[in-house]
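Structural overview for review
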Amino acid sequence: MKGEERLGPEDYAAICRELRPVVSHISGGEPLARSDVYEIVRAMARPGDLPWMVLVTNAASLTLKKYWKLKEAGINQFSLSLDFPDERHSEFRRIPGLFDKMNRVIPEITALGNDDLSLNVCITEWNYRDLPGMVELARHWNTKINFSVYTPLRISDERGLPKEERLGDVRDAFQKVIDMKRAGYPVYTAERVMWKYYRFFTDRGIPGCQAGRRFLVINPDGALLPCAMVWAKYGSQRDMLRQFTAHNTCEMCYISTRANTEKTLADFLAENWEMLLRQAFPRKRAKGEITWPLSAGPPADGEEQAERERHPAAAQ
Ligand SMILES: C[S@@+](CC[C@H](N)C(=O)[O-])C[C@H]1O[C@@H](n2cnc3c(N)ncnc32)[C@H](O)[C@@H]1O
Ligand code: SF4
């Protein structure tokens, strides 16, 4: 946005050193729309150490060359958003040719054998029937696939939540995904989490949100937000914990960030042994709150607005 104060790479790095996250999501808006994304990643990453660096992107401008540049800068995992297993994805995102583009670049990258791409699917009223198709596609593209659930909060649109009379069908689709996972398909999301997503649809909420404690968002201007849906800015995590988290009763989303950070230690170890093994030796943590994960570089107002204009239904 014109006149917007924007953190530079060193500013992000300084916040990261202070918060000491286990996982950092470089998200947005669209992170690849920032020309200094490589410098931001390089400044935040600590090769061979935490945080585990994840880039969340719509992949519209991802190329093999950018993949290597980002990897060299310190990205451990690429999380590519997918809403449909075919050309409907381009229409939904309002990005012409997006699905074809992904169909070209993803196999190019996975052929390298680095095992660092994951599809990231937000489950909605519009796409729940296509979940098995997207799991098939993940296997075809040789990626993992991770699920999250739609929240009406982002853009105040209830239509993305499955209607009550369709919840039986949603349940069947979830069961199919779980059966595929058991049969060896590359579904990252735990069975337990899939059923919690289902509960979010039936109950329209999940209590116990740990926003501010287990995860938070760094706004491009340096303010800290509890999550991308709550526009309350804080100068420090300590203030956020006192003024927001301690009184927070919101249960309006169950995005995968919540699902992945509100796990018990046993669940976390069982579901993340691969990442932990790869990252090998986590450094000793300072006393105090664990920030996990940390999302960085998110809703740059201008980028977010452009994304909303392209796709009002899901504000990617
Ligand atoms: C906001 S986008 C930002 C990063 C990037 N532009 C992208 O599209 O991946 C990150 C993820 O948020 C998720 N998302 C978007 N709208 C959502 C909603 N209303 N509820 C839950 N998740 C949503 C999508 O799955 C998307 O993959
Ligand atoms: S439940 Fe938590 S993470 Fe979700 S919108 Fe509410 S405050 Fe944000």
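Let me begin by describing the structure that accompanies this report.

1. Examining the overall build of the chain
Along its length, the chain carries twelve helices and eight strands. Per-residue burial for the chain yields a buried fraction of 43% across its 316 residues. Within the chain, contacts between residues at least 6 apart in sequence are counted, and of these 77% link residues at least 24 apart.

2. Observations regarding the nonpolar core
Within the largest apolar cluster, 77 residues are counted, with the highest numbers of intra-cluster contacts made by V41, I123, M134 and V149. Residues in contact with V41, not counting those within four places in the same chain, are I26, M53, L70, A73, G74 and I75.

3. A short note on the pairing of strand β3 (residues 77-81)
Burial runs high along β3: four of the five residues are buried. Read as a crossover between parallel neighbours, the route from strand β2 (residues 52-57) over helix α3 (residues 64-73) to β3 is right-handed. Here β3 pairs with strand β4 (residues 117-123) via four bridges, running parallel. Looking at the pairing, S79 lines up with S118 of β4.

4. So, α3
Here α3 has its buried residues at Y67, L70 and A73. Burial along α3 is one-sided: seen end-on, the buried residues are contained in an arc of 130°. Across α3 from its buried face, at more than 90 degrees, point the exposed residues K65, W68 and E72. Structurally, α3 contributes buried residues whose contacts are with α2 (37-44), β2 and α5 (98-110). A positive phi of about 135° marks G74, the residue just after α3.

5. Observations regarding unusual backbone geometry
For the bond running from G28 to G29, omega is 25°, close enough to zero to count as cis. If you trace the backbone, G29 turns up in the loop between β1 (23-26) and α2. Following L50, the chain continues into P51 via a peptide bond in cis, with omega recorded as 10°. One can find P51 in the loop between α2 and β2. For S156, which is not glycine, the phi dihedral falls at a positive 50°. Turning to its location among the elements, S156 is positioned in the loop between β5 (144-149) and α7 (167-182). In this structure S156 comes out as exposed when scored by C-beta crowding, with 6 C-beta atoms within 10 Å. Phi is positive for R204, which is not a glycine, with a value near 60°.

6. Points about α2
Listing the buried residues of α2 in full gives V37, I40, V41 and M44. Angular distribution of buried residues about the axis of α2 spans 95°; they occupy a single face of the element.

7. Some details on the pairing of β4
Counted residue by residue, β4 has seven buried out of seven residues, so it is predominantly covered. What you see with β4 is no split at all: L117, L119, V121 and I123 on one side and S118, N120 and C122 on the other are buried throughout. What joins β4 to β5 is helix α6 (residues 131-141), and the crossover it makes is right-handed.

8. Brief notes about the site of ligand 2
Close contacts around ligand 2 come from 13 residues, with C209, C227, M229, C250 and C253 the closest. Partitioning the shell around ligand 2 into residue classes produces ten nonpolar, one polar and two charged.

9. Observations concerning the packing of α2 against α3
At a closest axis distance of 8 Å, the pairing of α2 and α3 adopts a crossing angle of 25°. It follows that α2 is roughly parallel to α3 by the angle criterion. When α2 is examined against α3, the residues Y38, V41 and R42 are found in contact with a partner set consisting of K69, L70 and A73. For the contact of α2 with α3, a count of residues per class yields four nonpolar, no polar and two charged.

Cut-offs used in this document
Residues numbered from 1 in each chain as written. Chains lettered and ligands numbered in written order. Predicted model: local features only at pLDDT ≥ 70, side-chain atom pairs only at ≥ 80, totals over all residues. Helix = DSSP H or I, 4+ residues; strand = E, 2+ residues; numbered from the N terminus. Buried ≥ 20, exposed ≤ 12 C-beta atoms within 10 Å, placed from the backbone. Contact = placed C-beta atoms within 7 Å. Core = buried A, V, L, I, M, F, W, Y, C linked by C-beta atoms within 7 Å. Right-handed = clockwise from strand over helix to strand, strands pointing away. Pairing = 2+ DSSP bridges. Arc of directions from axis to C-beta. Near = placed C-beta within 6 Å. Nonpolar A, V, L, I, M, F, W, Y, C, P; charged D, E, K, R; others polar. Axes fitted to C-alpha atoms, helices over the stretch in contact; angles between N-to-C directions. Parallel < 35°, antiparallel > 145°, perpendicular 65-115°, else oblique.

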